[in-house]
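So the chains spell out like this:
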Amino acid sequence: MNIGIYIEMNIVSSLICILLYFQQKKHKVFDFLGSTEFNSLLWTAVTIMAVDIVFWLMIGGLLPSNETAIMAVQSLYYLIQSILPLFFMMYLVDASGQKVKRFWRPLLYIPVLFTAAVLAKNFGSGFAFYVADNSVWRADGYLLVILAPMIYITNSLLLCIFFCVRAHHRDMEQKKIALHMLVCVVISFIGAATCAFVSFVSPWHVFVSALVYLYMQLHSYRESNLDVLAYTDSLTGLKNYAAYSHIMEKMNEKIVENAGSRFAVVVMDVNDLKKVNDSYGHKVGDELLISASRLMCNIFQHSPVCRIGGDEFVAILENSDYENREDLMNRFEECMGMTTFLAGDTQLPVSVAVGFAEYSREKHAEFEDVFQQADTAMYVNKARCKIERK
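Here is a short report on the structure shown in this document.

## Observations concerning the pairing of strand β3 (residues 264-270)
β3 sits mainly inside the fold: 7 of its 7 residues count as buried. Alternating residues of β3 divide into Ala264, Val266, Met268 and Val270 and Val265, Val267 and Asp269, and every residue in both groups is buried. Alignment of β3 against strand β8 (residues 352-358), held across 7 bridges, turns out to be antiparallel. Its bridge partner being in β8, Val265 is matched across the sheet by Ala357.

Okay, structure coming up:
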C-alpha cells in the first residue's frame, strides 16, 4: 500500500474516533452501555494509530530514524495492539450487565504482560520481528506477538455468542444489542485476521468501521428506546396516558376526515385496589394491576390498551376487534372470573368494572364524547358490582 494513502487512512480513522467521542458525549448514546469503557476504546485506537503514523513516517524517510528507533516504535505499537482488544472485551462484559470480580480483573492483563515480555526479549534477539533495510520483517516467533490480541478477540466473540443465546430466553431487546455487538466483534476479528495472516495491513481502519457501526446501531436503539419508554407504563408495560393522548388526537383526526369511522371504547376500572393496598401492601396491589392488565391484553389482542390512571384503563377497538366486540366483551367477563392474583399465600380473584360505548356520528362529535359514555357505563357497572359483593 502507498505510505501516503496509509497515513491518510490512519488520520481519517483517528478523526472519526474523535468525532465519535464528542458525538456520544453530546447524545450520551453509551450512558446505558458503559460510556467510560467505550471512550477508552476510542482514545486507545487514536493512540495506536498515532504510533502507526509515526512508524510509517519513519519508514518513508519523513522522520529521522534508525533501526533502534523503528524497533522501539513498532514494539510500542504491538504493546498497544494487545491492550486495545482487552479494553474491547471489558467493554462488552460491562455493557452486557456482567461484573468481573475485583480478584479476577488483574488476571485479564496476563496476556498483555506476556506480550510485553515477548517484546522485551525480541528487542535484543529479533526472534519475533526485526528491522532491516529500513523495513520491519516478521520472524518465526511473530505469532507470540499477536497471541494476546487474538485471545482477547476470540473471547469477545465467544462472549457475544453467549450473550445472544442467553438473551434469547430472557429479553429480546438485550438480544438485539448483543447481536449488534457480535457483528462489531466479527468485523474486528476479520480485520485482525487479515493483518495477522495476510500482510502488514493495519486492522484499525476495519476496527474503527466496527465502532462506527456499533455507535450507529446503539444510537438508533437508544432513540427508539426513549420513545418507547416515554409512552410506556413502567408497571404494566401498557401504553401510558401520554400514548393515550396521542391516540385520542389520531382518533379525532379520523372522525373529522372520515364520516364512516367505526370504533368502540372500553373503559375498565380495577375494583378494590385501595382495599388490597391497605390490607396487603402496595406490592400486592401492583400484582393485582399487573394481573388485570394481562387479562385486558389477552382479550383485546389487536387493540391499544392504555393505563390512564392508577386503576383506570382504556381499550380502543377497531378493525377485527371492533367486528368481534360483543364476543370480546363476553369473553372478558368469562375470563375475569378465572383470573387471580397472589396475596401472600392466597389466590384472590381479579375484579374489573367495565364500560362500553360505540362511536356514532349522530351522538358523538369527538372521541371524548365516546369515552365519557363508556366511562359512565363503567361507573354503573362498578356500582352494581359493589351491590353484588354485599
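Next comes the rest of the description.
## Description of the side chain of Lys382
By the element assignment, Lys382 lies in helix α13 (residues 367-389). For Lys382, a relative accessible area of 14% gives the class buried. Engagement of the side chain of Lys382 in a polar contact is seen with the side chain of Asp269, the distance being 2.6 Å. Other than its neighbours up to four places away in sequence, Lys382 contacts Asp269, Val270, Asn271 and Ala353.

## Looking at the state of the cysteines
This model, assessed by the stated rule, comprises 0 disulfides. This cysteine, Cys184, is not joined by any disulfide, and Cys160 carries the nearest cysteine sulfur, 8.0 Å off. Cys297 takes part in no disulfide bond, and the closest cysteine sulfur to it belongs to Cys306, at a distance of 9.9 Å. Residue Cys297 is classed as partly exposed on the basis of its relative accessible area, which comes to 30%.

## Considering the sheet that holds strand β5 (residues 312-317)
In a beta sheet, neighbouring strands pair by backbone hydrogen bonds and run either parallel or antiparallel. Spatial strand order, β4-β5-β3-β8: 4 strands in an open sheet with antiparallel pairing. Only two strands of the sheet have a single neighbouring strand rather than two, namely β4 (305-307) and β8. On average, each strand axis in the sheet is inclined to that of its neighbour by 20°, with strand direction left out of account. Here β4 runs beside β5; their pairing, made up of 3 bridges, is antiparallel. Residue pairing across strands places Arg307 opposite Phe313, the latter belonging to β5. Along the sheet face, helix α10 (residues 282-299) touches β3, β4, β5 and β8 and points at about 155° away from the line of β3.

## Concerning the packing of aromatic side chains
Evaluated as defined, the whole model comprises 13 aromatic pairs. Where Tyr21 meets Phe22, the ring centres are 5.1 Å apart and the plane angle is 75°; that geometry is what we call edge-to-face. A relative accessible area of 16% places Tyr21 in the buried class. On the basis of an interplanar angle of 70° and a centroid distance of 6.0 Å, the ring pair of Tyr78 and Tyr142 is categorised as edge-to-face. Of the two residues, Tyr78 sits in helix α3 (residues 67-95) while Tyr142 sits in helix α5 (residues 142-168), which places them 64 residues apart along the sequence. The exposure class of Tyr78 is buried, given its relative accessible area of 1%.

## Some points on helix α8 (residues 241-257)
Between its terminal C-alpha atoms α8 stretches 24 Å, which fits the 24 Å expected from 17 residues at 1.5 Å a residue. Within α8, the full set of buried residues consists of Ala243, Tyr244, Ile247, Met248, Met251 and Ile255. The buried residues of α8 all sit within an arc of 145° when viewed along its axis, so they share a single face. Exposed residues pointing more than 90 degrees away from the buried face of α8 are listed as Val256 and Glu257. Structurally, the start of α8 carries an N-cap: the backbone nitrogen of Ala242 is 3.2 Å from a side-chain oxygen of Asn240.

## Details of the packing of α10 against helix α12 (residues 325-336)
Relative orientation of the contacting elements α10 and α12 amounts to 145°, with a least axis distance of 10 Å. Crossing of α10 over α12 shows right-handed handedness. Counting all contacts with α10, which are made through Leu295, Met296, Asn298 and Ile299, the residues of α12 involved are Leu328, Arg331, Phe332, Cys335 and Met336. Residues of the contact of α10 with α12, tallied by class, amount to 7 nonpolar, 1 polar and 1 charged.

## A word on the nonpolar core
Within the largest apolar cluster, 54 residues are counted, with the highest numbers of intra-cluster contacts made by Leu41, Tyr91, Phe129 and Phe207. For this core, the secondary-structure elements that each account for two or more residues are α1 (3-27), α2 (35-59), α3, α4 (110-125), β1 (129-132), α5, α6 (172-197) and α7 (204-230). Here this core takes 13 residues from α2, the largest share from any one element. Once residues within four sequence positions are removed from consideration, Phe129 is found in contact with Met71, Gln74, Ser75, Tyr78, Leu119, Asn122, Val136, Trp137, Arg138, Ala139 and Val145. Among the nonpolar cores identified, the runner-up in size contains 29 residues, and Val284, Phe300, Val350 and Val354 belong to it.

Basis of the calculations
Residues numbered from 1 in each chain as written. Predicted model: local features only at pLDDT ≥ 70, side-chain atom pairs only at ≥ 80, totals over all residues. Heavy atoms only, no water. Buried < 20%, exposed > 50% of the residue type's maximum accessible area, 1.4 Å probe, protein only. Helix = DSSP H or I, 4+ residues; strand = E, 2+ residues; numbered from the N terminus. Pairing = 2+ DSSP bridges. Polar contact = N/O pair within 3.5 Å; in protein donor to acceptor, adjacent residues only side chain to side chain. Contact = heavy atoms within 4.5 Å. Disulfide = S-S within 2.5 Å. Axes fitted to C-alpha atoms, helices over the stretch in contact; angles between N-to-C directions. Phe/Tyr/Trp six-rings, centres within 6.5 Å; stacked < 30°, edge-to-face > 60°. Expected span 1.5 Å × (residues − 1). Arc of directions from axis to C-beta. Left-handed = near helix turned anticlockwise from the far one by under 90°. Nonpolar A, V, L, I, M, F, W, Y, C, P; charged D, E, K, R; others polar. Core = buried A, V, L, I, M, F, W, Y, C linked by side-chain atoms within 4.5 Å.

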